Amino acid sequence: MAEKATPPRLVLFNSMTKKKQPFQPVVEGRKEPFKPLVEGKVSMFVCGITPYDLSHVGHARAYVAFDVLYRYLKFLGNEVEYVRNFTDIDNKIIKRANEAGETVESLSSRFINEFSLDMDELQCLPPTREPRVTEHIEHVIELITKKGMFTSFPEYLQLSGRILDRNRAGERVAMDTRKRNPADFALWKSAKEGEPFWESPWGPGRPGWHIECSAMSAHCLGHVFDIHGGGKDLIFPHHENEVAQSRAAYPESEVKCWMHNGFVNKDDQKMSKSENNFFTIRDVWNDLKTTKVLDESFMKLLRTINSDLDDLKVLKQLKGKTLKRACLSEEQLQEQIEERTAARKQAV
Ligand SMILES: [Zn+2]
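Residues numbered from 1 in each chain as written. Predicted model: local features only at pLDDT ≥ 70, side-chain atom pairs only at ≥ 80, totals over all residues.

1. Some details on the overall build of the protein
Helices and strands together make up the secondary structure of the protein, namely 10 helices and 10 strands. Looking at the protein as a whole, 39% of its 348 residues qualify as buried. Taking the contacts inside the protein whose residues are at least 6 apart along the sequence as the reference set, 69% of them involve residues at least 24 apart. (Helix = DSSP H or I, 4+ residues; strand = E, 2+ residues; numbered from the N terminus. Buried ≥ 20, exposed ≤ 12 C-beta atoms within 10 Å, placed from the backbone. Contact = placed C-beta atoms within 7 Å.)

Structure (structure tokens):
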């Protein structure tokens, strides 16, 4: 009888401790295994999109990466509570809605739908919960109200490893949209004339970006939970500020393992909207469909975006298998990609 194959081990890289942790129950050498708070259950929060436009390939990388983790945790027999939020109120959304002559709610809902279609095309499983910040304003207000003010938070910048000038502190969480210190950030943004707003003890306005993830993760998963993920561009200031404000309100707040995926590169540069060197998921998907060259879409997509997969060995193995199924070598795949890129450039 054939021996049952052992599934590949899962090793998590914790961005906070900068250490690799084999997932329980694997105990290996002196490495401390990662144990979920409740055995057999894993709680995971991943920062979601701001729905004001079609999502680009960088989003695809992030959500495919965390989808693989989600699936694998489930495959290992865990019950996984996977929460991914939508920042459905934001300056960019307000600006786009005004330009398009539609309401903020209608624009954000439209792009949430488009995002869901993209996730379906990429075969990402839906998370267990997808909260929108506009549905959690009361929790944001509650968190800000609960918060004391730090005059000092020595753990600030532990995640990013940054060093701030002591005079610029970066240690203070202040309730003020007008910065008194370069490192201050807004918890609550006052509404300008004509902008959507919610009433609060600090006047009409809307939540700052960082506070919403603290509020929604705590509401959905509790003050201590297992995994918090996102792209590595979110480490600073977004996640640093999340840690500071969660701890300010609830000192027991803790994320057991912070995980971050890498950037998507194009021509050796980070792909970003500001550099205007990005492809949307939709562009790439349509391209793949029309060329009909590559039938296993999402792995090809990962190759297209020049991934560094070292931290996710499972992805690497999946990619190998997929290439095998498509009867393609790495070189052939690269050729196809180059041909398509050249064709696209010609078409522009
Ligand atoms: Zn977030």
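2. Side note on the confidence of the model for the protein
For any part of a model where pLDDT is low, the fine detail of the predicted coordinates should not be relied upon. With 77% of its residues at a pLDDT of at least 70, the protein reaches an overall mean of 83. The low-confidence segment residues 166-177, where pLDDT is below 50, has 32 contacts with residues more than four positions distant or belonging to other chains. (pLDDT = per-residue confidence, 0-100.)

3. Quick look at unusual backbone geometry
Residue Pro237 is bonded to the preceding Phe236 through a cis peptide linkage, with omega at 0°. Mapping Pro237 onto the fold places it in helix 6 (residues 235-249). The backbone of Lys18 shows a phi angle near 60°, a positive value even though the residue is not glycine. With respect to the secondary-structure elements, Lys18 resides in the loop between strand 1 (11-14) and strand 2 (19-22).

4. Things to note about the packing of helix 5 (residues 209-221) against helix 6
It is the contact of helix 5 with helix 6, at a shortest axis distance of 8 Å, that shows an interaxial angle of 60°. As judged from the angle between their axes, helix 5 and helix 6 are oblique. Considering only the axes of helix 5 and helix 6, their crossing is right-handed. Across the interface between the two elements, Trp209, His210, Ile211, Cys213, Ser214 and Ala218 of helix 5 pack against His238, Asn241, Glu242, Gln245 and Ser246 of helix 6. Classifying every residue of the contact of helix 5 with helix 6 by side-chain character gives 4 nonpolar, 6 polar and 1 charged. (Axes fitted to C-alpha atoms, helices over the stretch in contact; angles between N-to-C directions. Parallel < 35°, antiparallel > 145°, perpendicular 65-115°, else oblique. Left-handed = near helix turned anticlockwise from the far one by under 90°. Nonpolar A, V, L, I, M, F, W, Y, C, P; charged D, E, K, R; others polar.)

5. A closer look at the sheet that holds strand 4 (residues 79-84)
Read from one edge of the open sheet, 4 strands run 4-3-7-8, paired in parallel fashion. This sheet does not close on itself; its edge strands, each paired only once, are strand 4 and strand 8 (254-261). Strand-to-strand, the axes of this sheet are offset by a mean angle of 25°, without reference to chain direction. Here 6 bridges tie strand 3 (residues 41-46) to strand 4, and the two strands are oriented parallel to one another. Looking across to strand 4, one finds that Val46 is bridged to Arg84. (Pairing = 2+ DSSP bridges.)

6. A closer look at the environment of Leu164
Mapped onto the secondary structure, Leu164 falls in the loop between helix 4 (137-146) and strand 5 (188-190). Take Leu164: there are 14 C-beta atoms within 10 Å of it, and that puts it in the partly exposed class.

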